[in-house]
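Okay, here's what each chain looks like letter by letter:
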Amino acid sequence: MTMSDERILHRARPTGTQVTVSRSYDVRSDDDLLTVRHAVRAATVECGFGLVDQTRVVTAASELARNAYIHGGGGTLTVELLTRPGAGGIRLVIKDEGPGIPDIAAAMTDGWTSGNGLGHGLGGARRLMEEFHLDTRPGAGTTVTATRWTTP
Amino acid sequence: MNSPRPTGVPILRLGDVLVTGLLNELDDRSAVAFTDELTERIVADSARGVLIDISRLEIIDSFVARTLMELTTMSRLLGARVIVAGMRPAVAITLVELGIQLTGVETALNAEQGLIALGWQRTPEGPGRDHVR
C-alpha cells in the first residue's frame, strides 16, 4: 500500500546526491511483503539496474522488510531513487518501532537468529547492498538504510 | 488432524515421483502450508522422489531457502528424494552472496535433468523423445 509518493525531493546531500522519487510502503502483513518486493523490483528497473543487481536489491529488501515485520512488529519501507553525477541508485529505508536490537554485532553475524529465518538477513542484506547503516536503540525501534548504485 | 490450507500449488504424480513448482507469488504462510501439503502427499502417494521446479522464483531469500532445506529434510525422513530444479543464475549469485548454501538440497539445471536424476528417462529413440520435459 503506497502511503506517499513525492517526486522531485531536493535534499542537501554531501555527495551531490539527489532524491528524485520517494515512495513509502507499509510492512505489516504477509501481503505487504509481496507488495514491497514488487515495488522494489519496479524501482530497480526504473533505475536501470541489470538483472543480477535487481535480484540483489529485491532480495535485500525482502530480508529487511521481513525483519521489520517479524522482529519489529511491523514498520515501513521507503524506496528512494537517487541520482548523483554519473550514476543512479536506490536507497531502502526500513523503519520499525519494535524492541530494537540489543546486540548489533551478534545480529549481523551469519547464523545468529532470534526468529524463524536462517540468520542471514542483516549480514546478507549488507553484503548485497553497497552502503549499509543500522540505527537501533533498545525500546526505540530500528532503522536500516541501504543503498546500491548503478555502475556506469 | 488439521488439513492443510490449499496453497493453489499443483502437485502432480508421475509414477512414484511428485512434480511441483514454486511460484513467485508464494507468501510465507503459503510456503509453510505447501510444506505440509507436500509431506502429506509423499505419504499418501508413496512417493520415492519429488521434483520442485523453481524456475519461476525471481528471488530466494533466507526464508524461502530455509523452507526448501526443511522440505528436503522432511521428505528424506519420509523416504523421498527431493531435487530442486531450474534455479535462475541471478538467484544463484544472490544466494551465495547472502551466505546461503542450501546445504543438503540436491539441485538440477532444469526440470528435465531433475526428472532424469530421479529415474525418468527419455525414450532412447522414436518420435516421442522430445515430448519429455
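Naming follows an unreviewed UniProt entry, where chain B appears as STAS domain-containing protein of Streptomyces citrinus.

**Student:** Help me understand the interface of chain A and chain B in this model?
**Tutor:** When the parts of a complex come together, some accessible area is lost, and that lost area is often taken as the interface size. Opposite the 25 residues of chain A that make contact, chain B presents 23 residues. Here chain A packs against chain B, burying approximately 2,100 Å² in sum over the two surfaces, 53% of which is carbon and sulfur. Linking chain A to chain B there are five salt bridges. With a shortest N-O distance of 3.7 Å, Glu58 of chain B and Arg41 of chain A are connected by a salt bridge. Linking chain A with chain B are eight residue pairs in polar contact (both at pLDDT 80 or more), by the criterion used here. Within the residue set of the side of chain A that touches chain B, elements represented by two or more residues are α1 (30-47), α2 (51-70) and α4 (121-128) of chain A. Considered class by class, the residues forming the side of chain A that touches chain B number eight nonpolar, eight polar and nine charged.

**Student:** Can you help me understand the pairing of strand β3 (residues 49-53) of chain B in this one?
**Tutor:** Along any regular strand the residues' side chains alternate between the sheet's two faces. Residues and elements named next belong to chain B. Burial analysis of β3 places four of its five residues in the buried class, the great majority of the element. Here strand β2 (residues 17-21) runs beside β3; their pairing, made up of five bridges, is parallel. Across the sheet, the residue bridging to Leu18 is Val50, located in β3. Taken together, β2, helix α1 (residues 28-44) and β3 constitute a β-α-β crossover, and its handedness is right-handed. In the sheet, β3 pairs with strand β4 (residues 81-85) via five bridges, with the strands oriented parallel. Pairing of Leu51 across the sheet is with Ile83, part of β4.

**Student:** Mind showing me how you'd approach the pairing of strand β2 (residues 18-27) of chain A here?
**Tutor:** Residue and element names in this part refer to chain A. A large share of β2 lies buried, amounting to seven of its 10 residues. Summarising the sheet, β2 and strand β3 (residues 75-84) pair through nine bridges and their orientation is antiparallel. Bridging across to β3, Asp26 finds its partner in Thr76.

**Student:** Explain the confidence of the model for chain A to me, please; I cannot follow it from the model alone.
**Tutor:** The predicted coordinates ought not to be read in detail in places where the model reports low pLDDT. Residues of chain A with pLDDT of at least 70 account for 82%, and the chain-wide mean is 85. Low pLDDT, under 50, characterises residues 1-13 of chain A; the stretch is placed with 33 contacts to residues that sit more than four places away or in other chains.

**Student:** For this particular structure, what's the right way to read the environment of Ile100 of chain B?
**Tutor:** All names here are of chain B. Residue position: Ile100 is located in the loop between α3 (89-98) and β5 (106-108). In this structure Ile100 comes out as buried when scored by relative accessible area, which is 5%. Each C-alpha atom, one on Ile100 and one on Ser62, is 7.5 Å from the other, the two residues being 38 residues apart in sequence.

**Student:** When you look at the packing of α1 of chain A against α2 of chain A in this model, what are you seeing that I'm missing?
**Tutor:** Two numbers describe a pair of packed helices, the interaxial angle and the distance between the axes. All names here are of chain A. Contact pair α1 / α2: the axes reach a minimum separation of 9 Å and the direction vectors enclose 150 degrees. By the criterion of interaxial angle, the relationship of α1 to α2 is roughly antiparallel. In the packing of α1 onto α2, the handedness of the crossing is right-handed. For the pair α1 and α2, contact is made by Asp30, Leu33, Val36, Arg37, Val40, Arg41, Thr44 and Val45 and by Leu51, Gln54, Thr55, Val57, Val58, Ala61, Ser62, Ala65, Arg66 and Tyr69, respectively. Residue composition of the contact of α1 with α2, by class: 10 nonpolar, four polar and four charged.

**Student:** I would appreciate a short explanation of the pattern of salt bridges in the present structure.
**Tutor:** Opposite charge on two side chains permits pairing when their charged atoms draw close. As enumerated under the stated definition, the model contains 13 salt bridges over all chains in all. The salt bridge partner of Arg41 of chain B is Asp45 of chain B, with a shortest N-O separation of 2.9 Å. The exposure class assigned to Arg41 of chain B is partly exposed, which follows from its relative accessible area of 24%. By relative accessible area, Asp45 of chain B is classed as partly exposed at 22%. Salt bridges sharing common partners tie together Asp53, Arg56 and Arg148 of chain A together with Glu97 of chain B.

**Student:** Help me out: how do you make sense of α4 of chain A in this one?
**Tutor:** One turn of an α-helix holds 3.6 residues; hence residues three or four places apart share an orientation. Within α4 of chain A, six of the eight residues are buried, which leaves it mostly tucked inside the rest of the structure. For α4 of chain A, the full list of buried residues reads Gly121, Leu122, Gly123, Gly124, Ala125 and Leu128 of chain A. Buried residues belonging to α4 of chain A abut α2, α3 (104-108), β5 (131-136) and β6 (142-149) of chain A together with α3 of chain B.

Rules of the game
- Residues numbered from 1 in each chain as written.
- Chains lettered and ligands numbered in written order.
- Predicted model: local features only at pLDDT ≥ 70, side-chain atom pairs only at ≥ 80, totals over all residues.
- Heavy atoms only, no water.
- Contact = heavy atoms within 4.5 Å.
- Buried area = accessible area lost by both parts, 1.4 Å probe.
- Salt bridge = Lys/Arg side-chain N within 4 Å of Asp/Glu carboxyl O.
- Polar contact = N/O pair within 3.5 Å; in protein donor to acceptor, adjacent residues only side chain to side chain.
- Helix = DSSP H or I, 4+ residues; strand = E, 2+ residues; numbered from the N terminus.
- Nonpolar A, V, L, I, M, F, W, Y, C, P; charged D, E, K, R; others polar.
- Buried < 20%, exposed > 50% of the residue type's maximum accessible area, 1.4 Å probe, protein only.
- Pairing = 2+ DSSP bridges.
- Right-handed = clockwise from strand over helix to strand, strands pointing away.
- pLDDT = per-residue confidence, 0-100.
- Axes fitted to C-alpha atoms, helices over the stretch in contact; angles between N-to-C directions.
- Parallel < 35°, antiparallel > 145°, perpendicular 65-115°, else oblique.
- Left-handed = near helix turned anticlockwise from the far one by under 90°.

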